[in-house]
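# Residue-level structural notes
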2 protein chains.
Amino acid sequence: MVNMIENRDKSLVKWLGDTSLFVGMEEQYLQELSGIAMVVSYKRRATIFSEGDPGNGFYLVKEGKVKIYMISPDGKEQILHIFGPGDPFGEVAVFASQSFPAHAVALENSRLVFLPRDDFVKLVAANPALALNLLATLSQRLCQFTKMIDALSLKEVPGRLAAHLLYLSKKQVTGDHLQLELSKTQLASLLGTIPETLSRMLSKLQREGLIVIEGASITIVDREGLVDLAEIGKF
Amino acid sequence: MVNMIENRDKSLVKWLGDTSLFVGMEEQYLQELSGIAMVVSYKRRATIFSEGDPGNGFYLVKEGKVKIYMISPDGKEQILHIFGPGDPFGEVAVFASQSFPAHAVALENSRLVFLPRDDFVKLVAANPALALNLLATLSQRLCQFTKMIDALSLKEVPGRLAAHLLYLSKKQVTGDHLQLELSKTQLASLLGTIPETLSRMLSKLQREGLIVIEGASITIVDREGLVDLAEIGKF
DNA sequence: CGATCAGTTGACAATACTCAAATACTGTGG
DNA sequence: CCACAGTATTTGAGTATTGTCAACTGATCG
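Summarised in this report is the structure supplied together with it. (Residues numbered from 1 in each chain as written. Chains lettered and ligands numbered in written order. Predicted model: local features only at pLDDT ≥ 70, side-chain atom pairs only at ≥ 80, totals over all residues. Heavy atoms only, no water.)

## Considerations on the sheet that holds strand β5 (residues 77–83) of chain A
Within a sheet, neighbouring strands are paired by backbone hydrogen bonds and run either parallel or antiparallel to one another. The four strands are arranged β2-β7-β4-β5 (chain A) in an open sheet whose pairing can be described as antiparallel. What marks the edges here is a single partner per strand, and that holds for β2 (47–49) and β5 of chain A. If you compare each strand with its neighbour and ignore which way they point, the axes differ by 30° on average. Judged from the four bridges that link them, strand β4 (residues 66–71) of chain A and strand β7 (residues 103–106) of chain A form a sheet pairing that is antiparallel. Looking at β7 of chain A, one finds that I68 of chain A is bridged to A104 of chain A. Relative to the sheet, helix α5 (residues 128–154) of chain B contacts β4 and β5 of chain A, its axis offset from that of β5 of chain A by approximately 135°. (Pairing = 2+ DSSP bridges. Helix = DSSP H or I, 4+ residues; strand = E, 2+ residues; numbered from the N terminus. Axes fitted to C-alpha atoms, helices over the stretch in contact; angles between N-to-C directions. Contact = heavy atoms within 4.5 Å.)

What follows is the structure in structure tokens.
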């Protein structure tokens, strides 16, 4: 029994050390970290936190997939992030507002590592490398948001869609073939539009010979054309 | 002569220590900081950096006003931030991308404090309080961007305008009377629209008895109504 | 196997952008 | 200090992208 726990702890330490946030941290700190960490399970569709909830700590995705989103009074949703294994989320509440600025739900059955605020802040204060990793993470996220604002304000739906398809094709290594990693409804919400419009735009791109659609599987036929679309933002 | 320089340095140290980023830092570190800092002047409309430029450091506004923005190929502009005295900008490039994700120009004749990347990173690594201040700053900015994405995606122009007017009236202490702190063209760009639309929406709010407009000076007549608009996002 | 949900398509409405023109401002040089 | 040039702001008319509502199909899940 003791053994099992030690094993579990050991593997958690190892896992934490492979995380982008904690990569390269000394064993000693990883031990401390794993000491204050709690692993929690969430079922598909379960709420992890809601906008305005007090942020007493933040999370790392261990297994599964998490969606961070906002919602308007009349129910329209805008996805901010989709996070997968290794990704941290909710740090903002730890360092600034004390309360979460958006909602989080599990998209699949997930296991998360929860790190409580106060203990974690102490660890950051004692560990410059960790602080710099955190600064890098937040900075990257700021860049992502910059691009999202750019897309929402300066591009139209076809442009955003084209940019997303190119992003997926770069991320996945399968050449001109790619998988939408989200249901089309969720993708619409990520791109700041609605399912009907997304559906029409996908058909349009196919009709104009830029892509071929087979369910969630897309083949890029005219990459040039997509790049043009993504840059200019219109037809 | 030596005296003058000492005076200058001393006042820079003092000024840095009053900045939100460096508040509460020990004298010793402030001295170091002021040692690596350079004060630079920019004339109104001068470019400070452009998207993609290598980020060899970041800036603090000492005097003046700076606009951070993106621009689409066909010339439409989206303002991300307006920064004034005491505000830092360009940190993102220091900690993540190494290159600036947006453009920066001086809106007025300005004096900026430039802090070079490498020296500054060393200082952060040696100074946990500074690291935590930076984390708080970046986290707050992330929250602001979250709100901006929310506004762009989930609210229509009248809603964004109403939210901005309420924000100004909270920031300025003058009760129901407020000043737009930007030209209407610039405000349009901040709200993700164009001058024509902004002009029409201001008239509309006035026509419906929510505000009274006198140039750049606005009086809120029906605060309730504005709040409703800002929350729901539509008419 | 029925029910709920995801996706698609059509007809329509509306918000916001484009283009154009008139008017009011601002700042600069003479 | 005024005249002029270049901006900023406002208003009008028309267009377009995208959202709304509704109906229908097909998939998924108890």
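## Points about the interface of chain A and chain B
On the chain B side, the residues contacting the 41 residues of chain A number 40 residues. Counting the surface lost from both chain A and chain B, the interface buries some 3500 Å², and carbon and sulfur atoms represent 81% of this. It is L135, L142 and I149 of chain A in chain A that bury the most area against chain B; as a group they hold 18% of the surface buried on that side. Scanning the region where chain A abuts chain B turns up zero salt bridges. At the boundary of chain A and chain B, one finds two residue pairs in polar contact (both at pLDDT 80 or more). Elements supplying a minimum of two residues to the side of chain A that touches chain B: β4, β5, α3 (91–97), α4 (117–125), α5 (128–154) and α9 (223–232) of chain A. Sorting elements by how many residues they give to the side of chain A that touches chain B places α5 of chain A first, with 20 residues. For the side of chain A that touches chain B, the class distribution of residues is 26 nonpolar, eight polar and seven charged. (Buried area = accessible area lost by both parts, 1.4 Å probe. Salt bridge = Lys/Arg side-chain N within 4 Å of Asp/Glu carboxyl O. Polar contact = N/O pair within 3.5 Å; in protein donor to acceptor, adjacent residues only side chain to side chain. Nonpolar A, V, L, I, M, F, W, Y, C, P; charged D, E, K, R; others polar.)

## As for the protein's contact with DNA strand D
The full set close to DNA strand D counts 19 residues, and V157, T193 and I194 of chain A together with T185 and R200 of chain B are the nearest of them. For DNA strand D, the backbone portion of the atoms within 4 Å of the protein, that is sugar and phosphate, comes to 62%. Between DNA strand D and R200 of chain B there is a distance of 2.9 Å, counted from a base nitrogen to a side-chain nitrogen or oxygen. For DNA strand D, a phosphate oxygen lies 3.4 Å from a polar atom in the side chain of S203 of chain B. When residues of the surface near DNA strand D are traced back to their parent elements, those giving at least two are α6 (157–171) and α8 (195–207) of chain A together with α7 (184–190) and α8 (195–207) of chain B. Here the surface near DNA strand D is composed, by residue class, of four nonpolar, seven polar and eight charged. (Near = heavy atom within 4 Å.)

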